[in-house]
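Structural description and commentary
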Amino acid sequence: MAAANLSAALRAPAHPLAKAGYGKRHAPDQAPARADDFAGLEPREAAIAAYIDRLPEGAAIGYKVLAEELPDYGQQACRSALDRLTRAGHLRRIRVQVTLSDGQMRWVTRTYFSRTARDADWWAAHVRFVRGMDAPGQPPAPAAAETVEEPEPGVRAPRSEAYDVLAGLGRREPRLQLSEGDCVELEHLVGEWLARGAGREQITRALTSGLPESVHSAGPLLRKRLETKMPPTPAPRPEKDHPSEQIVGMVMMCLFCDEDETTTTLDHGVCLDCKEAIARDEAMGLTGEVPDTFLARPRAEVDVAARMAELRSATVRPVLPAPRPRR
């Protein structure tokens, strides 16, 4: 099931870029990254949102590209997931008119992503402000949806990818079997590795290779490895990769087609025709996980008994402790 493989192949460093000037853009005024940023979403949408969040600006994040990079999901599933992310306030596709430093003017299409959920009014205000329709110096205020809702009693929020990496170490290396508390305590460190571009397999190899013959306490050992082997922060892209430009106009577009708000009606960033197409796919059962026979490579084996034991023991999840200060 998809929940057992929340984003099985997160290869952010190798993810393809869109054409120059296009692709992903970070929405302004986002809250700092947290382990529970996408806790209110369904597991599939949470996994895809976490993957997009880590991609650099300019990355191609259309549903066809995502289906290639996340092989557990097909194109219909990725399109359905992106539709739900727009409704949740994390995505909008916007056509932007820019004037370049050499005086040329052109239209480009960008997909703005916000890890902080925004309501439709915030996105509309953002476009109006850039157009100059709002008073100068008064950017749109963050929406109330920025606060993550608590899950219902007895319902566990989807775990982060960092937590799943730690929880899976025991299946890869029995000497590194961790408790629920150990996973929660180390989660923020693995999250930092992921934020710096490390993939799941890279992290797993760094934690499991070269172990001593006997491991008496896996938690402290892994903390030491995560801290001392932390990859460097990616270097910023050279200034020449970001040509000077001035935005002079914006218009909201459907996330999936070329229609914009001046030619069609948009509902939370998606036109009505595309919404109907997605609804038909969902009604026909075309938006689920890709069957094993259609996978580009074998799906990672899952110990069902161990997974179910984890789920039963994680009904109530402890509060994530603050990271220890580094010396």
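Above this text is the structure in question.
If you're wondering where the values come from, they're calculated on a predicted model, not measured in any experiment. (Residues numbered from 1 in each chain as written. Predicted model: local features only at pLDDT ≥ 70, side-chain atom pairs only at ≥ 80, totals over all residues. Heavy atoms only, no water.)

Overview of the packing of helix 7 (residues 180–195) against helix 9 (residues 218–228)
Axis separation between helix 7 and helix 9 bottoms out at 10 Å; the angle between their running directions is 15°. Relative to helix 9, the element helix 7 lies roughly parallel. When you trace helix 7 past helix 9, the crossing you get is left-handed. On the side of helix 7, the interface is formed by Asp182, Glu185, Leu186, His188, Leu189, Val190 and Trp193, while helix 9 contributes Gly219, Leu222, Arg223, Arg225, Leu226 and Glu227. Class assignment for the residues of the contact of helix 7 with helix 9 results in 6 nonpolar, 2 polar and 5 charged. (Axes fitted to C-alpha atoms, helices over the stretch in contact; angles between N-to-C directions. Helix = DSSP H or I, 4+ residues; strand = E, 2+ residues; numbered from the N terminus. Parallel < 35°, antiparallel > 145°, perpendicular 65-115°, else oblique. Left-handed = near helix turned anticlockwise from the far one by under 90°. Contact = heavy atoms within 4.5 Å. Nonpolar A, V, L, I, M, F, W, Y, C, P; charged D, E, K, R; others polar.)

Some thoughts on the nonpolar core
Residues Ile48, Ile52, Leu82, Leu85 and Phe256 are the most contacted members of the largest nonpolar core, which totals 30 residues. Every element with two or more residues in this core is listed here: helix 1 (43–54), helix 2 (63–69), helix 3 (75–87), strand 6 (270–271) and helix 10 (272–283). Apart from residues no more than four positions distant in its own chain, Phe256 is found in contact with Tyr63, Arg79, Leu82, Asp83, Arg93, Val270, Cys274 and Ile278. Core analysis: the next-biggest nonpolar cluster, separate from the first, contains 25 residues, Leu176, Cys183, Ala206 and Ala218 among them. (Core = buried A, V, L, I, M, F, W, Y, C linked by side-chain atoms within 4.5 Å. Buried < 20%, exposed > 50% of the residue type's maximum accessible area, 1.4 Å probe, protein only.)

Comments concerning the side chain of Thr208
Looking at where Thr208 falls in the secondary structure, it is placed in helix 8 (residues 200–208). A residue is classified by how much of its surface remains accessible, and Thr208, at 16% relative accessible area, is buried. A distance of 2.7 Å separates a polar side-chain atom of Thr208 from the backbone oxygen of Thr204. With residues near it in sequence (within four places) discarded, Thr208 still touches Leu169, Arg172, Glu173, Leu176 and Arg225. (Polar contact = N/O pair within 3.5 Å; in protein donor to acceptor, adjacent residues only side chain to side chain.)

Quick notes on the packing of aromatic side chains
Counted according to the given criterion, the structure contains 3 aromatic pairs. Ring geometry for Phe38 and Phe113: centres 6.3 Å apart, planes at 50°, overall tilted. Linking Phe38 in the loop between strand 1 (23–26) and helix 1 with Phe113 in strand 3 (residues 105–113), this pair joins segments that are 75 residues apart in sequence. Using a relative accessible area of 9% as the deciding quantity, one classes Phe38 as buried. A centroid spacing of 5.9 Å and a plane angle of 70° characterise the contact between Tyr63 and Phe256, whose relative ring orientation is edge-to-face. On the criterion of sequence distance, the pair formed by Tyr63 in helix 2 and Phe256 in the loop between strand 4 (245–253) and strand 5 (266–267) is long-range, its members being 193 residues apart. In this pair, the class of Tyr63 matches that of Phe256, namely buried. (Phe/Tyr/Trp six-rings, centres within 6.5 Å; stacked < 30°, edge-to-face > 60°.)

Structural notes on helix 3
Between its first and last C-alpha atoms helix 3 spans 19 Å; for 13 residues at 1.5 Å apiece the expected length is 18 Å, and the two agree. Turning to helix 3, its buried residues are Ala77, Cys78, Arg79, Ser80, Ala81, Leu82, Asp83, Leu85 and Thr86. Where the residues of helix 3 are buried, they touch helix 1, helix 2, strand 2 (91–100), strand 6 and helix 10. Two residues or fewer after helix 3 comes Gly89, characterised by a positive phi angle close to 95°. (Expected span 1.5 Å × (residues − 1).)

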